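# A structural walkthrough
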Amino acid sequence: MLFGLEWDTSGPLVFAVSILPILMVGLWVTIQATVLGFFVALVLGLLWAVLKAAPSRLIAWPAKVITEFLRDTPLIVQLFFLYYVLPEFGILLPAFMTGALALGLQYSAYTAEVYRAGLEAIGPDQHDAARALNLTPVRTFTHVIIPQAVPRIVPAMGNYLVSIMKDVPVLSVVTVLEMLNVGRIIGDRTFNYLIPLSMVGGLYLIMTLVASAALRQLDTRLPKQGIPLK
Amino acid sequence: MHWTEYFFPLLQGAWVTVQLTVYSTIFGAILAFAAGVGKVSPNILLRGISIVYIEVFRGTSLLVQLFWLYFALPVAGQALGIDLRIPPVVAGVLALSLNIGAYGAEVVRGAIQSVQQGQHEAARALNFSPRQTLTAVTIPQAVPEMMPSFGNLAVQNLKDTALVSLISLGDMTFRAEQLRNFTQDSTTIYSMLLLMYFGMALILTAMMRALELRVSRWRRAGA
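This next bit is on the overall build of chain A. Each helix and strand in chain A was counted, giving eight helices and zero strands. In chain A, the succession of helices and strands from N to C terminus is α-α-α-α-α-α-α-α. With the principal axes as the frame, chain A shows a C-alpha extent of 75 × 45 × 25 Å. Expressed as a percentage of its 230 residues, the buried residues of chain A come to 36%. Intrachain contacts of chain A at a sequence separation of at least 6 include 74% that bridge at least 24 residues.

Written out as structure tokens, the structure is:
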């Protein structure tokens with residue numbers, strides 16, 4: 001029993017059917033953590049990318065060290081750090097929030113690189129052309145750089161969204177009831193790990209296959225020459 | 001406990017982490033080459049096996065794979081009447097290698113496909129067998145292309161070893177957890193742990209760079 005839901009262990013198939021609803025509850029938590037973590041990664045990554053491109057080395061250098069550190073240390077350790085150390089400084093977050101924050105922090109180091117690569121892919125001639133047309137730096141950014149950078153950035157970000165989804169099970173170590181944790185609890189209570197854990201694996205496979213198919217579709221539809229303005 | 005006293009237990013765990021990283025990177029590289037070459041093989045069976053392997057292990061979470069091997073495999077064995085209980089260290093190395101091997105396979109496939117068509121034609125003109133072409137022409141030119149990605153994967157693998165602490169393997173993260181339970185000194189212990197992983201990643205990156213330089217001379221002259 002979990003959350004008052006009964007399951008039937010009389011046969012493999014009925015067992016699988018009876019635990020599916022509760023696994024779906026876990027799946028929903030997984031999706032929420034993925035989306036929240038991705039959002040944090042997108043925002044923080046942009047911040048790192050801007051800081052790393054700063055003309056002053058006093059700003060750029062610390063940002064480089066921080067992102068390198070975030071990229072080179074394990075997610076699970078960052079998560080433990082946030083979960084046990086933040087409360088010592090009076091910051092009390094629910095486990096789910098801490099988990100999403102850890103996911104976002106780790107992946108912000110990766111998204112920062114995507115932003116940088118996307119912006120650098122736009123050659124200097126575009127900047128020159130914008131200057132020749134007398135566009136202000138702000139208008140250059142909003143009307144020349146952004147429309148061309150976005151189609152380059154989106155596919156790579158999509159891949160990281162899928163990666164974040166695959167890292168959500170790590171959150172189970174701080175008691176988040178995402179799908180793998182639910183599957184494991186079912187195994188603990190019924191002594192049958194095979195069916196719940198295989199179902200978790202199968203559901204993951206379905207989600208990632210669907211997500212990569214959707215990303216491929218998106219990639220073919222993205223305007224490669226940039227988003228047309230008016 | 002003074003913070004210097006944390007070093008000894010953490011270093012004991014660090015040794016386990018190093019061993020896990022080395023073994024699973026080596027096994028992972030072997031799997032990566034097998035599946036990467038298999039995916040571009042003309043043999044439909046080999047290609048099918050490689051594709052299924054790559055999709056399954058890239059498409060599911062490493063932690064799911066680890067738990068499946070450690071918790072679910074013995075149950076499957078019981079149902080089949082064979083003993084498939086594996087010790088944590090085997091489950092850990094197996095899950096890490098299978099996972100990183102699937103990612104590496106895509107790198108190997110990409111690098112093989114990046115070798116120019118003219119090279120294959122030249123090999124055929126020189127009467128090389130397909131096997132000779134693969135081992136003497138394609139792979140030596142593809143390996144330098146793979147190295148930067150392999151460097152990233154090795155660091156990824158190092159980070160992934162931290163997950164084996166969840167199946168009670170005494171790696172660095174496991175030791176840190178034990179210390180924290182004992183002393184409650186979370187800030188010091190986890191800061192040390194993060195810095196130790198960072199140091200190990202920097203060393204590993206430097207080693208992979210050195211390897212990259214060594215194999216770069218296999219690159220086609222003038223390329």
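Back to the write-up after that little detour.
The subject of this paragraph is the overall build of chain B. Helix and strand counts for chain B stand at eight helices and zero strands. In chain B, the succession of α and β elements from N to C terminus is α-α-α-α-α-α-α-α. Counting across all 223 residues of chain B, residues that qualify as buried make up 38%. Of the contacts formed within chain B by residues at least 6 apart in sequence, a portion of 77% connects residues at least 24 apart.

Below, the discussion takes up the packing of helix α3 (residues 62–80) of chain B against helix α4 (residues 88–114) of chain B. Residue and element names in this part refer to chain B. Where α3 contacts α4, the axes come no closer than 9 Å and their chain directions differ by 140 degrees. Relative to α4, α3 is oriented so that their crossing is right-handed. Here L62, Q65, L66, L69 and Y70 of α3 come into contact with α4, specifically with P88, A91, G92, L94, A95, L98 and N99. Residue composition of the contact of α3 with α4, by class: nine nonpolar, three polar and no charged.

Let's shift gears to the environment of V56 of chain B. Residue and element names in this part refer to chain B. Looking at where V56 falls in the secondary structure, it is placed in helix α2 (residues 44–59). With 16 C-beta atoms counted inside 10 Å, the residue V56 sits in the partly exposed group. Distance from V56 to S41, taken between C-alpha atoms, is 19 Å for residues 15 residues apart in sequence.

As a further point, take the interface of chain A and chain B. Each partner contributes residues to the interface: chain A has 29 residues there, and chain B has 27 residues. Here the side of chain A that touches chain B takes nine residues from helix α8 (residues 194–221) of chain A, the largest share from any one element. Each residue belonging to the side of chain A that touches chain B can be placed in one class, and the counts come to 19 nonpolar, six polar and four charged.

Now for the environment of L98 of chain B. Residue and element names in this part refer to chain B. Structurally, L98 is set in helix α4. For the pair L98 and E55, spaced 43 residues apart in sequence, the C-alpha to C-alpha distance is 12 Å. Not counting residues up to four positions away in its chain, the partners in contact with L98 are L31, F57 and Q65.

We now examine the nonpolar core. Grouped together as the largest cluster of nonpolar side chains are 106 residues, with contacts concentrated most on I76, V77, L79 and L197 of chain A together with L66, F67 and L193 of chain B. Residue contributions to this core peak at 12 residues, all from α4 of chain B. Discounting chain neighbours no more than four positions away, the residues touching L66 of chain B are A91, G92, A95, L163 and I167 of chain B.

The next point concerns the environment of T138 of chain B. Residue and element names in this part refer to chain B. Here T138 is to be found in helix α6 (residues 130–160). T138 gets classed as buried once you count the C-beta atoms within 10 Å, which come to 21. Sequence separation between T138 and A111 is 27 residues, and the spatial gap between their C-alpha atoms is 9.2 Å. For T138, the residues in contact, after removing those within four places along its chain, are I112, V115 and T133.

So, on to the confidence of the model for chain B. Overall, the predicted model of chain B reaches an average pLDDT of 93, with 98% of residues at or above 70. The complex prediction reports pTM at 0.92, with the ipTM value standing at 0.91.

With that settled, consider α6 of chain B. Residues and elements named next belong to chain B. The first and last C-alpha atoms of α6 sit only 37 Å apart over 31 residues, clearly below the 45 Å expected at 1.5 Å per residue. Of all bends in α6, the biggest is about 45 degrees, found at I139, and the proline P140 comes one to four residues later. Among the residues of α6, T138, A142, M146, F150, L153, A154, N157, L158, K159 and D160 are the ones counted as buried. Check the buried side of α6 and you find it contacts α1 (7–39), α3, α4 and α8 (186–215).

Each value, and the rule that gives it
Residues numbered from 1 in each chain as written. Chains lettered and ligands numbered in written order. Predicted model: local features only at pLDDT ≥ 70, side-chain atom pairs only at ≥ 80, totals over all residues. Helix = DSSP H or I, 4+ residues; strand = E, 2+ residues; numbered from the N terminus. Buried ≥ 20, exposed ≤ 12 C-beta atoms within 10 Å, placed from the backbone. Contact = placed C-beta atoms within 7 Å. Axes fitted to C-alpha atoms, helices over the stretch in contact; angles between N-to-C directions. Left-handed = near helix turned anticlockwise from the far one by under 90°. Nonpolar A, V, L, I, M, F, W, Y, C, P; charged D, E, K, R; others polar. Core = buried A, V, L, I, M, F, W, Y, C linked by C-beta atoms within 7 Å. pLDDT = per-residue confidence, 0-100. Expected span 1.5 Å × (residues − 1). Bend = angle between axes of the 7 residues up to and from the residue.

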